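Overview (structure and organization)
The residues making up each chain are set out below.
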Amino acid sequence: MAELEKQLENAASSAIKIGGKQVNVDVEDIRAKIGAQINDAIATGMPNQIGFGFISGFCAGFAAKKAGKVAAVGVGGVFIFLQSLAYTGFIEVDYGKMEGQVTEVLDRNHDGKIDQEDAKVALNEVLEVLQFNMPGGGGFATGFVAGLRQG
């Protein structure tokens, strides 16, 4: 045990090579400086704000993905129902008109097509609404994306 303590003391105040140069390292001094910076950051309240923002964003993203799945089931169910009625001759569906109206709603950047850019614009619009008056907006956005991936 004494041998291990001696090795730790030597490692804590030993010289290392960085870029070919000998540099003396005092681990205790580094630990004290980092600890002081962490304490200063905690005193500002920022870690709590980011933590709250991240947790809120994660929960919102998780819920949004689940709601999106429910909406997909609903839209798919309606399509199956309409298609079944059209197949049996009860109704006629004007899919051209329907496509035009859906494109009008989902084409967020108004370029005439639904693509990845529209998804980015929609995500930014959603984040703008959800981050309104949030103390840790950056943490919220990160949490929201993590929640979307997890959900």
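A short tour of the structure in this document, coming up. (Residues numbered from 1 in each chain as written. Predicted model: local features only at pLDDT ≥ 70, side-chain atom pairs only at ≥ 80, totals over all residues. Heavy atoms only, no water.)

If you trace the backbone, D107 turns up in the loop between α4 (95-106) and α5 (116-130). Of the side chains with opposite charge, R108 lies nearest to the buried D107, which makes no salt bridge, at 8.1 Å. Looking at D107, its side chain comes within polar contact range of the main-chain nitrogen of H110, at 3.3 Å. In terms of polar contacts, D107 uses its side chain to reach the backbone amide nitrogen of G112, at 2.7 Å. Setting aside anything within four residues of it in sequence, one finds D107 in contact with G112, K113, I114 and D118. (Helix = DSSP H or I, 4+ residues; strand = E, 2+ residues; numbered from the N terminus. Buried < 20%, exposed > 50% of the residue type's maximum accessible area, 1.4 Å probe, protein only. Lys, Arg positive; Asp, Glu negative; His and termini not counted. Salt bridge = Lys/Arg side-chain N within 4 Å of Asp/Glu carboxyl O. Polar contact = N/O pair within 3.5 Å; in protein donor to acceptor, adjacent residues only side chain to side chain. Contact = heavy atoms within 4.5 Å.)

This brings us to the packing of aromatic side chains. Two descriptors summarise a pair of aromatic rings, namely the distance from one centre to the other and the angle between the planes of the rings. Scanning all chains against the criterion turns up 3 aromatic pairs. For the ring pair F58 and F62, a centre distance of 6.2 Å and an interplane angle of 25 degrees mean the geometry is stacked. Taken together, the residues span about one helical turn, with F58 and F62 both in helix α3 (residues 46-87) at a distance of 4 residues. Relative accessible area serves as the criterion here: at 28%, F58 is assigned to the partly exposed category. Classification of F62 by relative accessible area gives partly exposed; the value is 32%. Note on F79 and Y95: the rings are 6.3 Å apart at their centroids and 55 degrees apart in plane angle, and the pair reads as tilted. In this pair, F79 is assigned in helix α3 and Y95 in helix α4, connecting sequence segments 16 residues apart. Y95 gets classed as partly exposed once you look at its relative accessible area, which sits at 32%. (Phe/Tyr/Trp six-rings, centres within 6.5 Å; stacked < 30°, edge-to-face > 60°.)

Attention shifts here to the layout of surface pockets. The volume enclosed by the largest pocket comes to roughly 260 Å³. Lining the largest pocket, in full, are A64, K65, G68, K69, V75, L106 and L148. When the residues that make up the lining of the largest pocket are grouped by side-chain class, the tally is 4 nonpolar, 1 polar and 2 charged. Here the second largest pocket defines a volume of roughly 160 Å³. For the second largest pocket, the full set of lining residues is V75, V78, F79, L82, Y95, M98 and V102. Sorting elements by how many residues they give to the lining of the second largest pocket places α3 first, with 4 residues. (1 Å grid on protein atoms, 1.4 Å probe; cavity = no way out; pocket = protein on both sides within 12 Å on 5 of 7 lines; lining within 4 Å. Points joined across faces, edges and corners; volume = space filled by probe spheres on them. Nonpolar A, V, L, I, M, F, W, Y, C, P; charged D, E, K, R; others polar.)

This brings us to the side chain of D118. Residue position: D118 is located in helix α5. At 7.0 Å, R108 is the nearest oppositely charged side chain to D118, a buried residue that forms no salt bridge. One polar contact links the side chain of D118 to the main-chain amide nitrogen of R108, over a distance of 3.1 Å. If we ignore the near neighbours within four places in the chain, the residues touching D118 are L106, D107, R108, N109, D111 and K113.

Taken as a whole, this structure holds 2 salt bridges when the rule is applied. One salt bridge in this structure joins E117 and K120, with 3.5 Å as the shortest N-O distance. One end of the pair, E117, and the other, K120, are both in helix α5, 3 residues apart, so they sit about a helical turn from each other. Its relative accessible area of 42% is what places K120 among the partly exposed residues.

This next bit is on unusual backbone geometry. Positioned with a positive phi, H110 is a non-glycine residue whose angle comes to about 55 degrees. Note that H110 resides in the loop between α4 and α5. Judged by its relative accessible area of 67%, H110 is exposed.

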